Each structure stands twice: as structure tokens, then as C-alpha cells.
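Tertiary structure, described
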Protein chains: 2
Amino acid sequence: MPDLNETSDLNRTPELDKTLLAVDQGLDPALDRLFSFLKIPSISTDPAHRDACRAAAEWVAGELAGLGFAATVHATPGHPVVVARTDTGAPRRVLFYGHYDVQPVDPLELWETPPFEPRLGATPDGRRTIVARGACDDKGQVLTFLEALRAFRASRGTVPVDVTVLLEGEEECGSPNLPAFLAAHAGELGADIALVCDTGMWDPGTPSITTSLRGILHAELSIEGADRDLHSGLFGGAARNPIHVLSAIIGAAHDASGRVTLPGFYDDVRELPAQVRARWASLGLTADAFLKPVGLSISAGEADRLVIEQIQSRPTFEVNGMFGGYTGAGTKTIIPARATAKISFRLVADQDPAEIRAGFEAFVTPRVPADCRAVFSWGEGARAFLVPPDSPDLTRAARALEQEWGVAPVTIGSGGSIPVVGQFKDRLGMDTLLIGFALDDDRVHSPNEKYDLTSFHKGTRSWVRILDALA
Amino acid sequence: MPDLNETSDLNRTPELDKTLLAVDQGLDPALDRLFSFLKIPSISTDPAHRDACRAAAEWVAGELAGLGFAATVHATPGHPVVVARTDTGAPRRVLFYGHYDVQPVDPLELWETPPFEPRLGATPDGRRTIVARGACDDKGQVLTFLEALRAFRASRGTVPVDVTVLLEGEEECGSPNLPAFLAAHAGELGADIALVCDTGMWDPGTPSITTSLRGILHAELSIEGADRDLHSGLFGGAARNPIHVLSAIIGAAHDASGRVTLPGFYDDVRELPAQVRARWASLGLTADAFLKPVGLSISAGEADRLVIEQIQSRPTFEVNGMFGGYTGAGTKTIIPARATAKISFRLVADQDPAEIRAGFEAFVTPRVPADCRAVFSWGEGARAFLVPPDSPDLTRAARALEQEWGVAPVTIGSGGSIPVVGQFKDRLGMDTLLIGFALDDDRVHSPNEKYDLTSFHKGTRSWVRILDALA
């Protein structure tokens, strides 16, 4: 690999080696700090955990102050936003974004150990792991960056770039208050480039830079029928059942080929450039290979698309939760008064959340009987995002990752959604590099979430190399 | 109304008047006893209320012992069965069946007052009511019979027929242990006729004798996909969503005309005799009139059927509850691992629960993707029941009701299901008279369940007249 050797020689310096050594020697105390962070049950979507969210914000702000940052915990109508910055007069400034909040932990009974009692574990194939809610998403990933800053400080006394750290506490519930915060603090948040560590690697040995993200739009739909739950014997056969109505709507939202049937849903979806599709096809990812780790084998997506297209460049309609009527133990012979579906759309290319919203309402309304009601509740929505492939910082970061991992990073899209990235572009005029060390088997958003110890350790080393390269 | 006057003269006796007077004079203490019964939260389907079910059984057994009955609380694998009997050597014996268990109370927030703190209330049109879970179904109705026995004892020292009282505590969860109990106690439960007070009146001024019941079959269907909840961004578009699969199945179970599409579902359904259909049509019950009290106006049933047919002589497929994925506050971007529907079928005529079960499984199985699983859980099921229209006791009871209410009772079917009635016929060779005083606005199985004070008072007087007529 002549390229690799050449770039290695160019990039290896005594200072860099000193800082990487500081990372290696500081791994145990770094893990202790991560465990302290993981013990805070900062579930942002659940009002009962409001104090825990503030505690997590205070904890991370304290860590940053300890690293010489001017750190502030800003109150918002929701959970606090942490902003911390250095002002050393370095030639360049990076804005690092992450989130201290985590997903809910239900179903709790599926956790092998309590979600907020972090522990070391191992995968069946022997990789050492950190197990806890947030181990990967996003507390573990956030600390890879903070520990890199700590290693610079320990080895050189300073970081080669000025850094602004922005950590929010509402990413897992749609960041309702972040847009207003960015608008109000645009001045202090400006930087040359934004860095986000909330994405994954291609495989345990191959790093990745995420060059596209799907947008997202949340909706809740309730179908309301009778003004009370009805006895299914006395009214059954005549009274409309909202669960039947809602099920028929959800059941009709995809056709037999896996295509979403909402009107205009694909109007603003772009076809992949031929060479991109060819490159993705060359990766040879089959549905069986992609789904086998989670116990599935057949793609539910559009039959004429590559699996990578289905999860990265194609939009989705997904019911994340549904409930209606009696859901307890045993039986209850009722026709319920209402049924509800929690829905999210993943958006791509030029899809406009407002048009998707209109299309869904146009799809639902004619399917609701005249004596029932459809009640919609909508989130703000975020468009999809694409990183310019010719960004010089993208090239620098890719080379730095190749140094650390010994293989060039895969630059590819992600099916996930990080709305803030679009806001950085729109409100702060900044491009974003999405670099993360999550793996497909991290069980993000699921019981027994984990983060590989290697992701944490080499992720920290990767940030050292990237910040050095960006300087 | 010459018939009425004639029969009145024949039936009015000093003894009867004395006993009816005892009912009127004893109404207040009777209400106190009903309130004591209603305060016991005997929710049979919820294991957390096991002790309350036993307490309800002990309470009613105590009442019967106080009335001179030999009362026993029989343990079963589930909740106890109360059996009490008199042996005065009267020429005839009746078996009275009821249940002391009640439905769950969720959604609790919709109750205007706590469900187990009974109170007197009033309907918008001024009818006085008793409000509590079980006020009607079935504690209030059971006490109309017990208070009639009390009035006989107070006025004559004895009841003109021998009485066996059978009260179970699992009617609201499918009576899983009753068939075995009836088989084991067939000898002591035999009687000339069975009486059940768990049905309704035609309207607040018109009594009714229920001459047919729908059968019932409970099922639970879970669709299982991935072996964990998945991140809907990383897997969305490729991974199968069990909520989508289950919704498509439920959505396809009825066609646009309201007909159930399960294979063979209507094979054993009998057409109504022309004169019965004509009589039902003459009652002029429209969908709007039937559904308006619960906030609906359009029938969801088979388009070519009378509303009375839809709710009494036609079978149903009903989802009583459905749940899957995230159902808490806020959002959670997952593809759930499973989704579940709690289903009940109402059966008519010759429908066989075993054949309905086979038809549903045959309907579901081909609709489940090869990498997902359908998990079925089935109840025992009960066939529909029909009372012989020429039963002499039916005629006697009808006349007694006419005496009390001043109008002849409507003899008609009920869409509800009381499986024990079929078991009385099959195991004890006994016909059953289904006579109850519930009203359509009693909110049975719903928040703010009530029972009209008139139903309680004149219901008790009705049993006095009926027992006198059956003697």
C-alpha cells in the first residue's frame, strides 16, 4: 500500500506519537470517566428523568471545565444545552456536536444487567465491550472526542485547533429546542468545520465517514370512534372499531413490492448517480448478510433496490409504536374508543417534510369513516443532508483515519437522521464531518446496548490524528 | 289491554303483595348491601386482585348464609366458586347463576369518581343511578335476585321454590375453571330451570327475556420479527416491521362491505326465519338510533343486514386490544421486535370454535413473511345458545314481567356471550331463562359504569313475581 506508507511518513511526528501514547496510557481513567457518565439515566423523552438530564449536562460541563474550556450550561424550555470553548488563537476552529441524552430502556426485562449500571463485557467472537444505555449512542462516542482533547492537553498542553463543544440533551426526542438555540447563539458557535461523532464504522476493522444522512419527520395518528370503550358483545358487528380502521390505514401504506403508497411520496427522491450505485453494488451487501445479525433474512424494502439503497438513499414510512384498547393481562371484550400509531418518516434527497405531511393526511383522511375522527400530531421535521465530496477537510480526515486503522475509510451514507447537521449548514454556513465508531451489533436503541472497547480506544486515537490533520 | 287485566287478577294475591311491599320497604338497606359488594375490587383478569376476588366470594356467601342458605366457597385453580342452596322440599328447584367478578377499570382517568367507591348519580334525563364498576355487570343484577329472596324470607319466612345459587368469579376472563367445576358438581347443581341475571331490558320501560346468545372465542396473535428492537434509521427500509405485518392482517380481515373475510367464516351461520327477521325489522332500530348514544352514527357491519342482525345473529371478528413498539410519551425511533393483537370472535348458530380457529390460522399464516413468526394463543371458546320458544317457564316468566312493568317483555337475542348457559344445557340438561335489567346506557365494561335505581328496585320486584310464577 504505497499510498499508505507515503502518507504515514508525512504524518508521523514526535508530537503526534506523544499524544497517541497519552491516549494509550490514559485508557483506564478514561473508562472510569465514561462509566460515571453512563450511570446518569438521562432519558430525555421521559419527563420523569428531567433531573437526570440536567445532572448529565452538569457532569460533562464539569469535565470540559477541567480541560481548560470556558463551559456553560444553558437553560432551554426543555433540557439544557452545554457550550464550551477554547480561545488560544489557533488558526482554525472546529465545532464538535454530540448529545448527552439517551433513549428509553424499555423493555427493561430484556436487559441482562441494569441499563445504568455500566459493565465490561465481550461479544461471542471475543471483542471486549462496554455495556450500558448510551455506551455507544452517544455518551461513548462523545467521550472519544473529549479524551482526545485530554491527551493533547496532557502531552502538549494545548490542542492544535480551537474547539467549540456543543452538547444537547434532546437529540433522542427530536431536538425541539435546538434550532432556536442555534439561532440565538450563532455568533459564538461559528467555526471552520463541524465534527459529529454519532455514526458508525463500515465493519470492526474499517472506519467510515458518513457523507449523507436521511431526514426525519415524526407523526402521531389517532383514530377516534365511540365516545367510550364499548362492550364487544352488545355493540360488536355494528360499532366501528378504531383499531380496525387504523390497521387498514397502516396496512395500506406499503404495496406488495415494499413501496410506500402515500401520494407523491417519491416525487422528490433522486436516483443515485450510476457510479455511486455501482460502488455500492460492488460492496456486495446482501439482505441476508445485513439482516442475519438481528434474526431476519428477507428485505422488506423496495424489491428493485440494493439493500444499501433501501437503508440510505430511499425514504421510509415506519410505525415505531401502536396501541389501542386493552393491553393488559388476560382478556377484555371491548371495542376501544381510540387507537394510536407513532410514526416516523425517513426522508432523502429533496423531500420536503411539509409535502410528506400533506401526502400522509391526504392518504389517511378518505380512509376514515364519517363518524370517526383522525387526529394528527406532527414534529418539525428535518430534510436529508449531503456532504460535498470535494471538501478538503474530508480528504484530511479520511487520511487520518487511514493512518489509525490501516485501511482507507468507506465514505458512505447513513440511514439515520441528525437534523442538527442541516441546521449547521443553513444557520451557521458550516459543513460537517460525520465520523463515528459504532458497529452494527451495538444494539443502539435496544436492550443491552454496547460499545466496543476498541471503538472507544482507537476512536480516541482517531480524533487525535484528525484534529492534528485539520490544524 | 284485557289480557293484562285478566292475568293481573289471576296473579295478584295477598302473599305476593306482602312480598312486593317488603321489597319496597327494604330498598335502602338493600342499597347499603349493594354498595358494600361494589366496594370490593374483584377484577378477575388481573392477578393483583386475587385477594379481592376471594373477598367478594366470601362476602356474597355470607349474605346467602344470612338468608338461611347452606353456602360454600369452593376453591378452584383460579378464583373461588360460591354454591348455596335451600332444601325445603318445595315442588320445584331453580338454579340461579351470576358472577361476582368485574372487568378491569382502565382507562382510570376517564372515571368521574373512583370505580370502587360507589355513589348515587343521575342520567341527563333524570333517572337515578348507582355508579361503580360492577354496578350493573354483574353485582347489581345478582343482588336483585338475592334481595328478592330476602323479601320472601321477610314476608313469608320461605321462598316458594327451592333455590340453588351458583356464583363464579371468572366470568369476565372466560370462565376457564367453570366447565370442570360443573362436571364435578353436576349432582348438587341440578334443577328444573336455570335463571341468569346478566342481560338487559329493551328500553327503560320495557323488560326483555333474552332467547339467544352469541358464543365467543378468544385469541391472541403476536407477529415476531427481529430478535430485538431495531434503530429505524439504520435498519429502516430493509428490516420487516411486525406492526406493519399485523396491521395488514387485521386490515384485511373485513371487506369494504363489513363482511369478515376469514375462510369459511360464514359456513355455519343460519339465515334468520323470515318471520323473525320481519319482527326485528318492525322494531325499526336504525344504526343512527342504536349508535348515537355512544357517539357514532354509521354501522360498520355487513351492509345488507339489519342492525339487530349485526349485533345478535351475525358473527364478528373484533380486535379488543393491540400493542407493539414504543407506546410511552414522546418518540422512539425503533422498528419493534413484535406486535400483538388481542382478538375475540362472537359466534352464532352452528359455528364451531375449532373451525373458526382453523380458519383464522389459515388466513394469517400465508400473510406472515418467511423470516417472521406468527404466535397464536387460544381460549377454549363457547358455541352460541338458543332458548326453546315454547318453554312453559318462558311463558310464566314473561307474564310475571308483564305484571311488574305493565308491558309484555320483548323476547329477543343478545349479542353478548354467557358460555355457562350452553354448559347448563350440555352438562346439566337444563334450559335457562336469561332475564336482566341492564340498559344500553349502563356503560358496561367502560368507565363510569352505572345501574339504574329503577332497574335495581323493579328488578328485585320482578324476581319476586317470577319465582312466585315458577312455583
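Residues numbered from 1 in each chain as written. Chains lettered and ligands numbered in written order. Predicted model: local features only at pLDDT ≥ 70, side-chain atom pairs only at ≥ 80, totals over all residues. Heavy atoms only, no water.

**Details of the pattern of salt bridges**
When the charged atoms of two side chains lie near each other, side chains of opposite charge can form a pair. One pass over the structure, following the stated rule, counts 76 salt bridges over all chains. Linking Asp304 of chain A and Arg305 of chain A is a salt bridge whose minimum nitrogen-to-oxygen distance equals 4.0 Å. Looking at Asp304 of chain A, the relative accessible area reads 55%, which means it is exposed. Residue Arg54 of chain B pairs with Glu58 of chain B through a salt bridge whose shortest N-O separation is 2.8 Å. Here the residue Arg54 of chain B and the residue Glu58 of chain B both occupy positions in helix H4 (residues 50-66), the gap between them amounting to 4 residues, near one helical turn. Taking the relative accessible area as the measure of exposure, Arg54 of chain B reaches 36% and is therefore partly exposed. Each member of the salt-bridge network shares a partner with another, and the members are Arg259, Glu271, Arg277, Glu302, Asp304, Arg305, Glu309 and Arg314 of chain A. (Salt bridge = Lys/Arg side-chain N within 4 Å of Asp/Glu carboxyl O. Buried < 20%, exposed > 50% of the residue type's maximum accessible area, 1.4 Å probe, protein only. Helix = DSSP H or I, 4+ residues; strand = E, 2+ residues; numbered from the N terminus.)

**Some thoughts on the relation of the copies chain A and chain B**
Each copy superposes on the other: chain A lies on chain B with an RMSD of 0.1 Å after a rotation of 180° and an axial shift of 0.0 Å. In symmetry terms, the pair is related by a two-fold rotation axis. In this assembly, 100% of the residues forming the interface of chain A have copies in chain B that are likewise at the interface, indicating an isologous arrangement. (Least-squares fit on C-alpha atoms with pLDDT ≥ 70 in both. Contact = heavy atoms within 4.5 Å.)

**Structural notes on the domain arrangement of chain A**
Where the parts come together, the accessible area they lose is often given as the size of the interface. Residue and element names in this part refer to chain A. In terms of domain boundaries, chain A breaks down into domain 1 (14-213 + 384-470) and domain 2 (215-269 + 315-378). With centres defined by C-alpha atoms, the gap from domain 1 to domain 2 works out at 36 Å. Taken together, the contacts link 6 residues of domain 1 with 6 residues of domain 2. Here domain 1 and domain 2 share an interface that buries about 400 Å² over both sides, 51% of which is from carbon and sulfur atoms. Looking at the side of domain 1 facing domain 2, the largest losses of area belong to Ala384, Gly415 and Ser417, adding up to 77% of the total buried there. (Domains from an automatic or database assignment. Buried area = accessible area lost by both parts, 1.4 Å probe.)

**Digging into the UniProt feature "domain: Peptidase M20 dimerisation" (unreviewed entry) in chain A**
Taking the numbering used here, the UniProt-annotated feature "domain: Peptidase M20 dimerisation" (unreviewed entry) corresponds to residues 212-369 of chain A. Structurally, residues 212-369 of chain A is divided into 27% helix and 23% strand, and its ends, taken at the C-alpha atoms, are 41 Å apart. (UniProt positions renumbered as here; feature names shortened; annotations may be inferred.)

**A look at the sheet that holds strand E9 (residues 215-224) of chain B**
Within the open sheet, the 8 strands sit side by side as E14(A)-E9(A)-E13(A)-E11(A)-E11(B)-E13(B)-E9(B)-E14(B). Their pairing is antiparallel. Unpaired on one side and paired on the other, strand E14 (373-378) of chain A together with strand E14 (373-378) of chain B mark the two borders of the sheet. Neighbour-to-neighbour, the strand axes of the sheet open up by a mean angle of 25°, direction not taken into account. In terms of strand pairing, strand E9 (residues 215-224) of chain A meets E14 of chain A through 6 bridges, oriented antiparallel. Residue Ala219 of chain A lies in a different strand from E14 of chain A, and its bridge partner there is Trp378 of chain A. (Pairing = 2+ DSSP bridges. Axes fitted to C-alpha atoms, helices over the stretch in contact; angles between N-to-C directions.)

**As for the side chain of Asp442 of chain A**
All names here are of chain A. For Asp442, the location among the structural elements is in the loop between strand E17 (432-435) and strand E18 (450-452). Among the polar contacts listed, one links the side chain of Asp442 to the backbone nitrogen of Leu439, at a separation of 2.7 Å. Here Lys450 takes part through its side chain, which lies 2.7 Å from a polar atom of the side chain of Asp442. Not counting residues up to four positions away in its chain, the partners in contact with Asp442 are Cys136, Asn448, Glu449, Lys450, Tyr451 and Asp452. (Polar contact = N/O pair within 3.5 Å; in protein donor to acceptor, adjacent residues only side chain to side chain.)

**Quick notes on the interface of chain A and chain B**
Counting from both sides, the interface comprises 82 residues of chain A and, opposite them, 83 residues of chain B. Of the roughly 7100 Å² buried between chain A and chain B on both sides combined, carbon and sulfur atoms contribute 54%. Area buried by chain A at its contact with chain B is led by Arg228, Val294 and Lys332 of chain A, which between them contribute 9% of it. For the interface between chain A and chain B, the tally reads 2 salt bridges. Here Asp106 of chain B makes a salt bridge to Lys332 of chain A, at a shortest N to O gap of 3.8 Å. Along the contact surface separating chain A from chain B lie 44 residue pairs in polar contact (both at pLDDT 80 or more). Broken down by secondary-structure element, the contributors of at least two residues to the side of chain A that touches chain B are E9, strand E10 (230-231), helix H8 (242-251), helix H10 (287-291), helix H11 (307-313), strand E11 (316-325), strand E12 (334-335) and strand E13 (338-347) of chain A. Among the elements that make up the side of chain A that touches chain B, the one with the highest residue count is E11 of chain A (10 residues). Taken together, the residues of the side of chain A that touches chain B break down into 34 nonpolar, 35 polar and 13 charged. (Nonpolar A, V, L, I, M, F, W, Y, C, P; charged D, E, K, R; others polar.)

**So, the packing of helix H3 (residues 27-38) of chain A against helix H4 (residues 50-66) of chain A**
All names here are of chain A. Direction vectors running N to C along H3 and H4 enclose 155°, while the axes themselves pass 10 Å from each other. In terms of their interaxial angle, H3 and H4 are classed as roughly antiparallel. The residues of H4 that touch H3, namely those facing Arg33, Ser36 and Phe37, are Ala56, Trp59, Val60 and Glu63. A per-class count over the contact of H3 with H4 returns 4 nonpolar, 1 polar and 2 charged. (Parallel < 35°, antiparallel > 145°, perpendicular 65-115°, else oblique.)

**Overview of the packing of helix H5 (residues 139-156) of chain B against helix H15 (residues 453-470) of chain B**
Residues and elements named next belong to chain B. Two numbers describe how H5 lies on H15: the axes approach to 8 Å, and their chain directions differ by 60°. Considered as vectors, H5 and H15 are oriented oblique to each other. Judged by the sense of rotation from one axis to the other, the crossing of H5 with H15 is right-handed. On H15, the residues touching Gly140, Leu143, Thr144, Phe145, Glu147, Ala148, Leu149, Phe152 and Arg156 of H5 are Ser455, Phe456, Gly459, Thr460, Trp463, Val464, Leu467 and Asp468. Classifying every residue of the contact of H5 with H15 gives 9 nonpolar, 5 polar and 3 charged. (Left-handed = near helix turned anticlockwise from the far one by under 90°.)

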